[in-house]
Amino acid sequence: MNRSLYTLIYCLLLPLIGLRLAWRAWRAPAYAKRVAERFALYQQTFKPGGIWIHAVSVGESIAAAPMLRELAKRHPDLPITVTCMTPTGSERIQAMFMQGELAGRVQHVYLPYDLPWLARRFIRRIAPRVAIIMETELWPNHIAVCAELGVPVVLANARLSERSARGYARLAGLTAPMLASLSAIAVQTQTEAERFRALGARAEAVQVTGSIKFDISVADSVLNAAQVLAEAWQLSERPVWIAASTHAGEDEQVLAAHQQLLTQFPKALLLLVPRHPERFSAVAQLCRSAGLITRCRSENAPVTADTQVFVGDSMGELMLFFALAQQAFVGGSLVERGGHNLLEPAALALPVLSGPHVFNFLEIAALLSSAHGLTTVPNADGLAAALIAGFSEPAKAQAQGQCALAVVKANQGALQRLLAIIDQQIA
């Protein structure tokens, strides 16, 4: 397949893309807003000539945060445009980057669909000096238009699994020219570097920088807010654990594990944070249907001594909830979603628990596991057993948390290597 055929197929699929957008809007009304942006139609004006960062959704936005803040410091005269594809990603971008010291510096829209005339309209509108794509969100027409208009493209914190590499190889006529046109590819591991080169990326463009997700820091404001909440909720004498970024089919297992935990530790509190906001109310109802005394962040009701589950149905507060816990389970891993960021709880020196399905974070999981900072559990019973063990031997759990933190600290430095690559493209 070449790019012309890809564009033709994309055009033919537009009615289905529209139906999918409508279905998503039915499930999550936020998808019905700002549809014009997906066709590069904008009411707002943009400051051109700056840095464009594309972060497809929440995880990539979080990973991009330290990089964006450093770029803002290094290039105070350049505007920064951040694009994404999802409402949750948009909410996170606005909360992280469009308030406080970055207010007025960062502009944000959805990335338009990957058709050449839409890409050209968008890129000419913002006229970036450099485009930075987080991880491996590759759109052939956007990248081709960047090359046409002389905009260097950096693929940052790049990942490429063996499975994805096989998929790209099957579309070599489309993917090889696209990868060859990238100005720089900052990959997480040497194995991924070899995969990119084998698929057609220029050897000199590929550099191993490591994962910038290790370059995570916990703001003092988060720790201070957690201390205030812990005191208000009287958590000092309670076993508290968090199940973060959970998915459908996983919440039930988390609640089953918590019910087993309660038989051994009746005062235990679960902080349950679903991955997607459209599921917040359904998860709260699930908790109550299970007979568990439940409070929600959105209710502004305090956690009391009899509260068994607290549902974190808010955006941008996950690190705050991690900071309240003594053990952390990271979701998307008891169901086949590939897991989520294991390094956020590790950065807080929490012992980390995960299911077996972590194919999106294999290297990070392996590092944490080999350092005894990660415990992998197969199901609800295994999760309950691990939690009971951790609360029964708090000193051992704290030692596991320190092991997890040591992994984070030992692998930091990728951000500075990536920034050096980006600076070369801006110069």
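Refer to the structure printed above.
Residues numbered from 1 in each chain as written. Predicted model: local features only at pLDDT ≥ 70, side-chain atom pairs only at ≥ 80, totals over all residues. Heavy atoms only, no water.

Structural notes on the overall build of the protein
Item 1. Per the secondary structure count, the protein includes 17 helices and 14 strands.
Item 2. Here the C-alpha atoms of the protein give a radius of gyration of 22 Å, agreeing with the 22 Å that 2.2 N^0.38 yields for 427 residues.
Item 3. With the principal axes as the frame, the protein shows a C-alpha extent of 65 × 40 × 40 Å.
Item 4. In the protein, which comprises 427 residues, the proportion classed as buried is 55%.
Item 5. Expressed as a percentage of contacts within the protein between residues at least 6 apart in sequence, the contacts between residues at least 24 apart total 70%.
Item 6. When the accessible area of the protein is evaluated, it comes to approximately 18100 Å², of which 55% is carbon and sulfur surface. (Helix = DSSP H or I, 4+ residues; strand = E, 2+ residues; numbered from the N terminus. Rg over C-alpha atoms; globule rule 2.2 N^0.38 Å. Buried < 20%, exposed > 50% of the residue type's maximum accessible area, 1.4 Å probe, protein only. Contact = heavy atoms within 4.5 Å. Areas by Shrake-Rupley, 256 points an atom, 1.4 Å probe, with all protein chains shown as cover.)

Description of the sheet that holds strand 10 (residues 294–296)
Item 1. Read across the sheet, 7 strands follow the order 10-11-9-8-12-13-14 without closing on themselves; strand pairing throughout is parallel. In the strand order of this sheet, the two ends are held by strand 10 and strand 14 (374–376), each with one partner. In this sheet, neighbouring strand axes are inclined to one another by 20° on average, regardless of whether the strands run parallel or antiparallel.
Item 2. Here strand 12 (residues 327–330) pairs with strand 13 (residues 352–354) via 3 bridges, running parallel. What sits directly across from alanine 328, in strand 13, is valine 352.
Item 3. Its contacts with the sheet put helix 10 (residues 251–264) on strand 8 (240–246), strand 9 (269–274), strand 11 (309–311) and strand 12, and the angle it makes with strand 9 is roughly 175°. (Pairing = 2+ DSSP bridges. Axes fitted to C-alpha atoms, helices over the stretch in contact; angles between N-to-C directions.)

Structural notes on the packing of helix 2 (residues 58–74) against helix 3 (residues 87–97)
Item 1. One way to put it is that helix 2 packs onto helix 3 with a least axis distance of 9 Å and a crossing angle of 25°. On the basis of their axis angle, the class for helix 2 and helix 3 is roughly parallel. For the pair helix 2 and helix 3, the crossing hand works out as right-handed. Where helix 2 approaches helix 3, its residues Val58, Ser61, Ile62, Ala65, Leu68 and Arg69 are matched on the opposing element by Thr88, Gly89, Arg92, Ile93, Met96 and Phe97.
Item 2. Here the residues of the contact of helix 2 with helix 3 are counted per class, giving 7 nonpolar, 3 polar and 2 charged. (Parallel < 35°, antiparallel > 145°, perpendicular 65-115°, else oblique. Left-handed = near helix turned anticlockwise from the far one by under 90°. Nonpolar A, V, L, I, M, F, W, Y, C, P; charged D, E, K, R; others polar.)

Considering the pattern of salt bridges
Item 1. Evaluation of the coordinates by the stated rule reveals 12 salt bridges.
Item 2. The closest approach of N and O atoms between arginine 34 and glutamate 37, which form a salt bridge, is 3.1 Å.
Item 3. With relative accessibility at 8%, the residue glutamate 37 sits in the buried group.
Item 4. Salt-bridge contacts for glutamate 135 lead to arginine 159; the nearest nitrogen and oxygen are separated by 3.2 Å. Of the two residues, glutamate 135 sits in the loop between strand 4 (130–134) and helix 5 (140–148) while arginine 159 sits in the loop between strand 5 (153–158) and helix 6 (162–170), which places them 24 residues apart along the sequence.
Item 5. The structure contains a network of salt bridges with shared partners spanning Glu135, Arg159 and Lys213. (Salt bridge = Lys/Arg side-chain N within 4 Å of Asp/Glu carboxyl O.)

Considering the sheet that holds strand 1 (residues 51–54)
Item 1. On the basis of which strands lie adjacent, the open sheet formed by 7 strands has the order 3-2-1-4-5-6-7 and parallel pairing. A single partner strand is all that each edge strand has here, and the edge strands are strand 3 (106–110) and strand 7 (206–208). Sheet twist, expressed as the mean angle between neighbouring strand axes with direction ignored, is 20°.
Item 2. Pairing analysis gives 4 bridges linking strand 1 to strand 4, with the strands arranged parallel. From the neighbouring strand, isoleucine 51 faces strand 4, where its bridge partner is valine 130.

Observations concerning the packing of helix 2 against helix 17 (residues 414–426)
Item 1. Packing of helix 2 against helix 17 brings their axes to within 11 Å, and their N-to-C directions diverge by 50°. With respect to helix 17, the axis of helix 2 lies oblique. Between helix 2 and helix 17 the crossing geometry is right-handed. Two secondary-structure elements touch here, helix 2 through Pro66, Met67, Glu70, Leu71 and Arg74 and helix 17 through Leu415, Gln416, Leu418, Leu419, Ala420, Ile422 and Asp423.
Item 2. Tallied by class, residues from the contact of helix 2 with helix 17 come to 8 nonpolar, 1 polar and 3 charged.

Looking at the side chain of lysine 213
Item 1. In this structure, lysine 213 sits in the loop between strand 7 and helix 9 (220–232).
Item 2. A polar contact is formed between the side chain of lysine 213 and the side chain of glutamate 135, at a distance of 3.1 Å.
Item 3. Residue contacts for lysine 213: discarding those within four places in its chain leaves Ala63, Glu135, Asn157, Asn341, Leu343 and Phe361. (Polar contact = N/O pair within 3.5 Å; in protein donor to acceptor, adjacent residues only side chain to side chain.)

A word on unusual backbone geometry
Item 1. Positive phi is not limited to glycine here, since serine 245 has a value of about 60°.
Item 2. With respect to the helices and strands, serine 245 occurs in strand 8.
Item 3. One non-glycine residue, alanine 349, lies in the positive phi region at around 60°.
Item 4. Position of alanine 349 relative to the elements: it lies in the loop between helix 13 (343–347) and strand 13.

Re helix 17
Item 1. With 13 residues, helix 17 ought to run about 18 Å at 1.5 Å a step, and its terminal C-alpha atoms sit 19 Å apart, in line with that.
Item 2. Residues of helix 17 that are buried include every one of Ala414, Leu415, Leu418, Leu419, Ile421, Ile422, Asp423 and Ile426, and no others.
Item 3. For helix 17, the secondary structure elements touched by its buried residues are strand 1, helix 2, strand 4, strand 5, strand 6 (184–187) and strand 7. (Expected span 1.5 Å × (residues − 1).)

Some thoughts on the nonpolar core
Across soluble globular proteins, nonpolar side chains show a tendency to be buried alongside one another.
Item 1. One finds Trp52, Phe122, Leu138, Leu155, Leu182, Ile185 and Phe196 to be the most contacted residues of the largest nonpolar core, which totals 45 residues.
Item 2. Contact partners of leucine 138, with chain neighbours within four places excluded, come to Ile143, Leu155, Tyr168, Met178, Leu179 and Leu182.
Item 3. Counting 41 residues, the second-largest nonpolar core is a separate cluster that includes Val240, Val358, Phe361 and Ala365. (Core = buried A, V, L, I, M, F, W, Y, C linked by side-chain atoms within 4.5 Å.)

Without other data, these values stay purely geometric and don't point to any function.
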